[in-house]
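An overview of the molecular structure
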Amino acid sequence: FGAASGASGILGTGAFTSVEADRSVSVEVADDADALLAMEPSSGPNGEYAAADGGTIALDFADTDAGGRGLGTDSVYEFDDVFRITNQGTQPVYVWATFSGASGNFTPDGSDTDIYLYPNGDSDDRLRDSDDDVLYLGVGQSASIGVFVNSTDVTTDQELTMTVNADAENPASGAVVGGEGVGSDPVDHA
């Protein structure tokens, strides 16, 4: 018994210079609706502006079934409940979006942006970058996402890239808003 005890002490110190160990890793990709941060078009009337294109959600404010051909110039639009975001992961996350690729006078970023996402019908909660508001989603929580677009002084069509970000750490210097329409204080989620 004494010899075995001494040997385990030598092996159990954890002192080593380096180690290499092969392990298997499985990574699966899923369509946006089935991903850990799931995104899918809303079932409401503004869900028409979101579509699952090749498994990825895309927003399109052009042609409508009723004959609309795009957004009017010199206008400000708020489209409530365009798509839903659901946290299907294993920990709470903070969510926001950024836009890029604009041309002309259309400003997709900064504090005076012409486009941003907002949760639960409240366009004052601007999920436009990590310095502004962020959406807190606990595990299993969802939020209805709207889109704000200001077309004032825009004279050309815009093809943008939207990047939806999620982080387990709160990156915001602004407010934290909650999923399911419940406002939250950042201190509650630390």
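Cut-offs and rules
Residues numbered from 1 in each chain as written. Predicted model: local features only at pLDDT ≥ 70, side-chain atom pairs only at ≥ 80, totals over all residues. Heavy atoms only, no water. Helix = DSSP H or I, 4+ residues; strand = E, 2+ residues; numbered from the N terminus. Buried < 20%, exposed > 50% of the residue type's maximum accessible area, 1.4 Å probe, protein only. Contact = heavy atoms within 4.5 Å. Areas by Shrake-Rupley, 256 points an atom, 1.4 Å probe, with all protein chains shown as cover. Pairing = 2+ DSSP bridges. Axes fitted to C-alpha atoms, helices over the stretch in contact; angles between N-to-C directions. Phe/Tyr/Trp six-rings, centres within 6.5 Å; stacked < 30°, edge-to-face > 60°.

With that settled, the discussion passes to the overall build of the protein chain. Summing up its helical and strand segments, the protein chain has one helix and ten strands in all. Listing every helix and strand of the protein chain by position from the N terminus yields α-β-β-β-β-β-β-β-β-β-β. Looking at the protein chain as a whole, 34% of its 190 residues are labelled buried. Within the protein chain, contacts between residues separated by at least 24 positions form 74% of all contacts whose residues are at least 6 apart in sequence. When the accessible surface of the protein chain is totalled, it reaches about 11300 Å², and 46% of it is carbon and sulfur.

This brings us to the sheet that holds strand 8 (residues 142–150). Read from one edge of the open sheet, four strands run 1-4-8-6, paired in antiparallel fashion. Edge positions in the open sheet fall to strand 1 (37–41) and strand 6 (115–119), since each of these has one partner strand only. Across this sheet, the average inter-strand angle for adjacent strands is 35°, counted without regard to direction. As judged from the five bridges shared by strand 6 and strand 8, these two strands associate in the antiparallel manner. Counterpart to Pro119 in the pairing with strand 8 is Ile145.

Across all of its chains, the model carries six aromatic pairs by this definition. By the ring-pair criterion, three or more aromatic residues cluster together here, those being Tyr49, Phe61, Tyr77 and Phe79.

Attention shifts here to unusual backbone geometry. In this structure, Asp74 takes a positive phi of about 50° despite not being glycine. Relative to the helices and strands, Asp74 is located in the loop between strand 3 (56–59) and strand 4 (76–87). Phi at Asn120 is positive, roughly 55°, even though this residue is not glycine. Relative accessible area serves as the criterion here: at 29%, Asn120 is assigned to the partly exposed category.

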